[in-house]
Amino acid sequence: MAQQVQGVIAPGKNEPVRVETIIVPDPGPGEAVVKIQACGVCHTDLHYKQGGINDDFPFLLGHEAAGVVDSVGDGVTDVEPGDFVVLNWRAVCGQCRACLRGRPWYCFDTHNAKQKMTLLDGTELSPALGIGAFAEKTLVAAGQCTKVDPEVSPAVAGLLGCGVMAGIGAAINTGQVGRGDSVAVIGCGGVGDAAIAGARLAGAAKIIAVDIDDRKLETAKKMGATHTVNSRSGDPVEAIRALTGGNGADVVIEAVGRPETYKQAFYARDLAGTVVLVGVPTPEMQLELPLLDVFGRGGSLKSSWYGDCLPSRDFPMLIDLHQQGRIDLGAFVTETIGLGDVEQAFARMHDGDVLRSVVIL
Ligand code: APR
Ligand code: ZN
Ligand code: ZN
């Protein structure tokens, strides 16, 4: 039987979001219905509402979520009703060249649930990032569910579904930060702070946080930054070099997504160092660099896609480390809110004090 539940809908471009009754069909083959317990509010949800991603309104927002499997469709064997799971953006095929080479984050054939959730009048909903978890229940592909330790708080577990994983993964997976490395993180929002926490976890000796906002730098210290640089008060490249014996950092993580900060990241690395680009630029942004510098500086320039994460490996591991007190994922949860508070949470997003507002169901 299809179920009727409450969910947060973005009805049209820049219109306020609202809670509406939605219809969640029974899971078909390869699908699962998940009872959502917690879902973080991410910038991407705001971008959907603003029409910055596509115009497939109405959207069912929310995508950083954890909950309990409610029911599964035919052929689903990896999860079963009652399992506590964290959701990820898309199930991977396991068979394409990217999957077979051990890089499933580049899978050519990802999928989400095939059936659609609808409004009461039958209007089909587009779930944000193939999830749609500001809802009491949602329909996903079973491969989007990763089982984790049910002892962890759902608010913490859900964070791994997006921004926090992107940041931690940028440091530990893409950047391969090692014990004793020097790391600079440019941009200390939720993603940059998670990169700082990831660098600390990996054993970095020096973690330099760079931002234009002193309040962000204070939070970055709590996440593990050993040094802070406000780039409004001088050239951050010079500051990073000065803090690393004149060399530049072994790994520089860019978590802003702008040409000037991409350029800073490029020049702030040690000659053989690694630049990890996790900030997402807009289509019109361009960056000009002297080719001799590109050639002569060696090292590598990598972009990080969803923290290059392997949910089945990384979600349970990070939750175990959190439960052992070796990384504090709880520090990313600034406040817990209800389904009806998402619009206000968007308004507070640019307030320097909010890392994540998490809807609790
Ligand atoms: N130099 C340094 N820091 C900057 C600059 C700059 N020129 N401009 C902005 N910042 C800082 C902001 O002050 C803020 O602390 O970058 C941070 C960006 O943080 P958020 O807006 O909270 O964004 P976040 O969710 O962390 O995502 C950052 O990563 O995954 C991507 O799409 C995401 O591009 C976005 C980026
Ligand atoms: Zn694949
Ligand atoms: Zn997100």
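Thresholds applied
Residues numbered from 1 in each chain as written. Chains lettered and ligands numbered in written order. Predicted model: local features only at pLDDT ≥ 70, side-chain atom pairs only at ≥ 80, totals over all residues. Heavy atoms only, no water. Buried < 20%, exposed > 50% of the residue type's maximum accessible area, 1.4 Å probe, protein only. Helix = DSSP H or I, 4+ residues; strand = E, 2+ residues; numbered from the N terminus. Pairing = 2+ DSSP bridges. Donors = N, O, S within 2.8 Å, 3.2 Å for Na, K, Ca; no water. Tetrahedral: all angles 85-135°; square planar, octahedral: opposite > 155°, others 65-115°. Near = heavy atom within 4 Å. Polar contact = N/O pair within 3.5 Å; in protein donor to acceptor, adjacent residues only side chain to side chain. Areas by Shrake-Rupley, 256 points an atom, 1.4 Å probe, with all protein chains shown as cover. Nonpolar A, V, L, I, M, F, W, Y, C, P; charged D, E, K, R; others polar. Domains from an automatic or database assignment. Contact = heavy atoms within 4.5 Å. Buried area = accessible area lost by both parts, 1.4 Å probe. Axes fitted to C-alpha atoms, helices over the stretch in contact; angles between N-to-C directions. Core = buried A, V, L, I, M, F, W, Y, C linked by side-chain atoms within 4.5 Å. Parallel < 35°, antiparallel > 145°, perpendicular 65-115°, else oblique. Left-handed = near helix turned anticlockwise from the far one by under 90°.

### Details of the pairing of strand E3 (residues 31-40)
Then, number 1: By the criterion of burial, E3 is predominantly enclosed, with 8 of the 10 residues buried.
Then, number 2: Of the strand pairs in this sheet, E3 and strand E9 (residues 137-141) are connected by 5 bridges, and their pairing is antiparallel. Among the inter-strand pairings, Val 34 is bridged to a residue of E9, identified as Thr 138.
Then, number 3: Pairing between E3 and strand E5 (residues 64-72): 8 bridges, direction antiparallel.

### Quick look at the sheet that holds strand E8 (residues 126-127)
Then, number 1: Pairing in this open sheet of 5 strands is mixed, and the strands run E7-E2-E1-E4-E8 from one edge to the other. Taken across any chain shown, the strands that pair with only one partner, and hence form the sheet edges, are strand E7 (118-119) and E8.
Then, number 2: Where strand E2 (residues 18-24) lies against E7, 2 bridges are found, and the strand directions are antiparallel. Across the sheet, Ile 23 pairs through a bridge with Thr 118, a residue of E7.

### Brief notes about the coordination of the zinc ion (ligand 2)
In a perfect tetrahedron of four donors around a metal, the angles come out at 109.5 degrees. In a perfect octahedron of six, they are 90 or 180 degrees.
Then, number 1: Here the zinc ion (ligand 2) is held by Cys 93 (SG), Cys 96 (SG), Cys 99 (SG) and Cys 107 (SG), and the distances to it run 2.3 to 2.4 Å.
Then, number 2: Angles of 105 to 118 degrees at the metal separate the 4 donor atoms of the zinc ion (ligand 2), which places the site in the tetrahedral class.
Then, number 3: When the donors of the zinc ion (ligand 2) are listed by position in the chain, the intervening gaps give C-x2-C-x2-C-x7-C.

### Quick notes on the site of ligand 1
Then, number 1: Near ligand 1, the surroundings consist of 16 residues, among which Gly 190, Val 191, Asp 211, Ala 255 and Val 280 are the closest.
Then, number 2: Here an oxygen atom of ligand 1 and a backbone polar atom of Gly 190 are 3.1 Å apart.
Then, number 3: In this structure, Val 256 approaches ligand 1 through a main-chain N or O atom, which is 3.4 Å from an oxygen atom.
Then, number 4: Expressed as a share of its isolated accessible area of 730 Å², the protein-covered part of ligand 1 is 77%.
Then, number 5: Partitioning the shell around ligand 1 into residue classes produces 7 nonpolar, 7 polar and 2 charged.

### Describing the domain arrangement of the chain
Then, number 1: The assigned domain composition of the chain is domain 1 (3-161 + 328-360) and domain 2 (167-304).
Then, number 2: Placing a centre on the C-alpha atoms of domain 1 and another on those of domain 2 gives a separation of 29 Å.
Then, number 3: With 8 residues of domain 1 in contact, the opposing surface of domain 2 contributes 11 residues.
Then, number 4: When domain 1 packs against domain 2, the two sides together hide about 680 Å² of surface, and 65% of this comes from carbon and sulfur.
Then, number 5: Applying the counting criterion to the domain 1 and domain 2 interface returns 0 residue pairs in polar contact (both at pLDDT 80 or more).
Then, number 6: Tallied by class, residues from the side of domain 1 that touches domain 2 come to 5 nonpolar, 1 polar and 2 charged.

### Here's the deal with the sheet that holds strand E12 (residues 206-211)
Then, number 1: One open sheet accounts for 6 strands, arranged E13-E12-E11-E14-E15-E16; its pairing is parallel. The two strands at the open ends of the sheet, each matched to only one other strand, are strand E13 (227-230) and strand E16 (300-303). Averaged over all pairs of adjacent strands, the angle between their axes in this sheet comes to 20 degrees, without regard to strand direction.
Then, number 2: Taken together, the 5 bridges between strand E14 (residues 249-254) and strand E15 (residues 269-277) define a ladder with parallel strand orientation. For Ala 249, the partnering residue across the bridge sits in E15 and is Arg 269.

### Considering the nonpolar core
Taken as a class, soluble globular proteins show a tendency for nonpolar side chains to be buried jointly.
Then, number 1: Leu 61, Leu 87, Phe 134, Ile 196 and Ile 253 are the most contacted members of the largest nonpolar core, which has 86 residues in total.
Then, number 2: With 7 residues, helix H4 (residues 163-174) is the largest single contributor of residues to this core.
Then, number 3: Counting only domains with at least three residues in this core, you end up with domain 1 (3-161 + 328-360) and domain 2 (167-304).
Then, number 4: Excluding anything up to four places from it in sequence, Ile 196 contacts Val 185, Cys 188, Ile 207, Ala 209, Ala 220, Met 223, Gly 224 and Ala 225.

### Remarks on the packing of helix H7 (residues 236-243) against helix H8 (residues 259-268)
The relative placement of two packed helices comes down to the angle between their axes together with the axis-to-axis distance.
Then, number 1: Two elements in contact, H7 and H8, have axes separated by 9 Å at closest approach and are oriented at 25 degrees. In this view, H7 runs roughly parallel relative to H8, as classed from their interaxial angle. For H7 against H8, the interelement crossing comes out right-handed. Only Gln 264, Tyr 267 and Ala 268 of H8 make contact with H7, whose side of the interface consists of Pro 236, Val 237, Ile 240 and Arg 241.

### Overview of the coordination of the zinc ion (ligand 3)
Then, number 1: The zinc ion (ligand 3) binds to the protein through Cys 42 (SG), His 63 (NE2) and Cys 162 (SG); the donor distances cover 2.0 to 2.2 Å.
Then, number 2: Motif for the zinc ion (ligand 3), donor spacing along one chain: C-x20-H-x98-C. Here His 63, found in the loop between strand E4 (59-60) and E5, pairs with Cys 162, found in the loop between helix H3 (154-159) and H4; they are 99 residues apart in sequence, far enough to count as distant.
Then, number 3: Using a relative accessible area of 7% as the deciding quantity, one classes Cys 162 as buried.

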